[in-house]
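Here is how the chains run, residue by residue.
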Amino acid sequence: MAAQYEEIARDLRERIVSGEYPPGSQLPMMRDIATARAVSDITVRKAFALLAQEGLIYSRRRAGTFVREHPDRIRLTVRHRQIERDDLGYYSGAEVQHWRALPHPDGVVTRVIEAPTPADVADLLGCDAGTVLTVRKRIIGDPESDSHRQLADSWIADWATSEVPAVTGNTGLGGMYDRIEEWAGRPLVWREEASARMPSPEEAEALNMPSQGVPLLRLVRVTELPGDPQPALSRVVEVQDIRMNAALFAAGYPLRRGQSATWPVTRATANYYATEDNTPSPLE
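On a predicted model such as this, the values are computed, not experimentally measured, just so you know.

## Some points on the overall build of the protein chain
Reasoning step 1: Counting secondary structure elements, the protein chain contains seven helices and 13 strands.
Reasoning step 2: Relative to the compact-globule value of 19 Å for 284 residues, the protein chain shows a C-alpha radius of gyration of 24 Å, a clear excess of over 25%.
Reasoning step 3: When the backbone C-alpha atoms are referred to their principal axes, the protein chain occupies close to 75 × 65 × 35 Å.
Reasoning step 4: The buried share of the protein chain, taken over its 284 residues, is 38%.
Reasoning step 5: For the protein chain, contacts bridging at least 24 residues in sequence account for 57% of all contacts bridging at least 6.
Reasoning step 6: As presented, the protein chain carries roughly 16,900 Å² of accessible surface, and 52% of it is formed by carbon and sulfur atoms.
Reasoning step 7: Between the averaged position of the 33 positive side-chain charges in the protein chain and that of its 40 negative side-chain charges there is a distance of 4 Å.

## As for the pattern of salt bridges
Reasoning step 1: On inspection of all chains with the given rule, the structure shows 15 salt bridges.
Reasoning step 2: Between Asp-120 and Arg-218 there is a salt bridge; the shortest N-O distance is 2.7 Å. In this pair, Asp-120 sits in helix 4 (residues 119–125) while Arg-218 sits in strand 11 (residues 216–225), placing the two residues 98 residues apart along the sequence.
Reasoning step 3: Where salt bridges share partners, they join Lys-137, Asp-153, Arg-197, Glu-203 and Arg-243 into one cluster.

## A look at the pairing of strand 9 (residues 149–156)
Reasoning step 1: Most of strand 9 is tucked away, with eight of its eight residues classed as buried.
Reasoning step 2: Taking every second residue as pointing to the same face, both faces of strand 9 are buried, with Arg-149, Leu-151, Asp-153 and Trp-155 on one and Gln-150, Ala-152, Ser-154 and Ile-156 on the other.
Reasoning step 3: Pairing of strand 8 (residues 132–141) with strand 9 involves eight bridges; the strand directions are antiparallel. Residue pairing in the sheet places Gly-141 in a bridge with Arg-149 of strand 9.
Reasoning step 4: Bridge analysis of strand 9 against strand 12 (residues 235–245) gives seven bridges, and the strand direction is antiparallel. Looking at the pairing, Leu-151 lines up with Arg-243 of strand 12.

## Quick look at the environment of Ile-113
Reasoning step 1: Within the secondary structure, Ile-113 is located in strand 7 (residues 110–116).
Reasoning step 2: In this structure Ile-113 comes out as partly exposed when scored by relative accessible area, which is 30%.
Reasoning step 3: Apart from residues lying up to four places away in sequence, Ile-113 is in contact with Leu-133, Thr-134, Val-135 and Lys-137.

## So, the environment of Leu-12
Reasoning step 1: Take Leu-12: it is sitting in helix 1 (residues 4–18).
Reasoning step 2: Here Leu-12 falls in the buried class, since its relative accessible area comes to 4%.
Reasoning step 3: As for Leu-12 and Ser-40, which are separated by 28 residues in sequence, their C-alpha atoms are 17 Å apart.
Reasoning step 4: The residues touching Leu-12, leaving out its near neighbours within four places in the chain, are Tyr-21, Ile-33, Phe-48 and Leu-51.

Thresholds, definitions, all that
- Residues numbered from 1 in each chain as written.
- Predicted model: local features only at pLDDT ≥ 70, side-chain atom pairs only at ≥ 80, totals over all residues.
- Heavy atoms only, no water.
- Helix = DSSP H or I, 4+ residues; strand = E, 2+ residues; numbered from the N terminus.
- Rg over C-alpha atoms; globule rule 2.2 N^0.38 Å.
- Buried < 20%, exposed > 50% of the residue type's maximum accessible area, 1.4 Å probe, protein only.
- Contact = heavy atoms within 4.5 Å.
- Areas by Shrake-Rupley, 256 points an atom, 1.4 Å probe, with all protein chains shown as cover.
- Lys, Arg positive; Asp, Glu negative; His and termini not counted.
- Charge placed at Lys NZ, Arg CZ, Asp CG, Glu CD.
- Salt bridge = Lys/Arg side-chain N within 4 Å of Asp/Glu carboxyl O.
- Pairing = 2+ DSSP bridges.

Here's what the structure looks like:
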């Protein structure tokens, strides 16, 4: 049986999703809900906290609690993830061609520091977690929109900073990728992973997004330099940790056919819906 606060949250959630409480509208006061349902203020506060964690509502000090614009009801900007190039160099997708590097609060555009590598990034770079590496930290966004932006931390492999020192400072026209390709005389390749997590207070502030209830869309891009003459013997150059507001952006990827799905395909011979004893599922 659901707890009282869960029942209250479920009722309010249904009213929000149905549009009875549209985006921007104010919810009833907690004390009024508590009186109407004959429960304590603490019970209603727990229900509101649950909805806030889901990203459905937010509070304004001395004003009340309001319904947030929710991704289910807005059209997300889909970031089509492929590497493009123009006269400024490489960029990741046509949707951000006009985006530019924005200054950090202290006025620095690209902050280059030495820092301990996070465990997941270190795993991709092939080093121990906590290894001190060079990281280039940037805020990249639409100059015309305060909310359309991303954080991009480029963790650079130790071998790359040693062999191509330009990547640790002012990289010049085309940026770090051009310097690596000029040095190596061959093209870089990329792969990417998408995930989500809640933002830290610092990330939320930098992205101009709510500090509660809205997750980050996290894209981790791995840059590799194929081996020469054996492309399979590649080296990881950089791991870029990209974070953006998941209430505004989605990532779009092409789904390519694997070797086993090459057309024309082989006729299917097994029943997808069969149970373990091979009897048809009752849903068929």
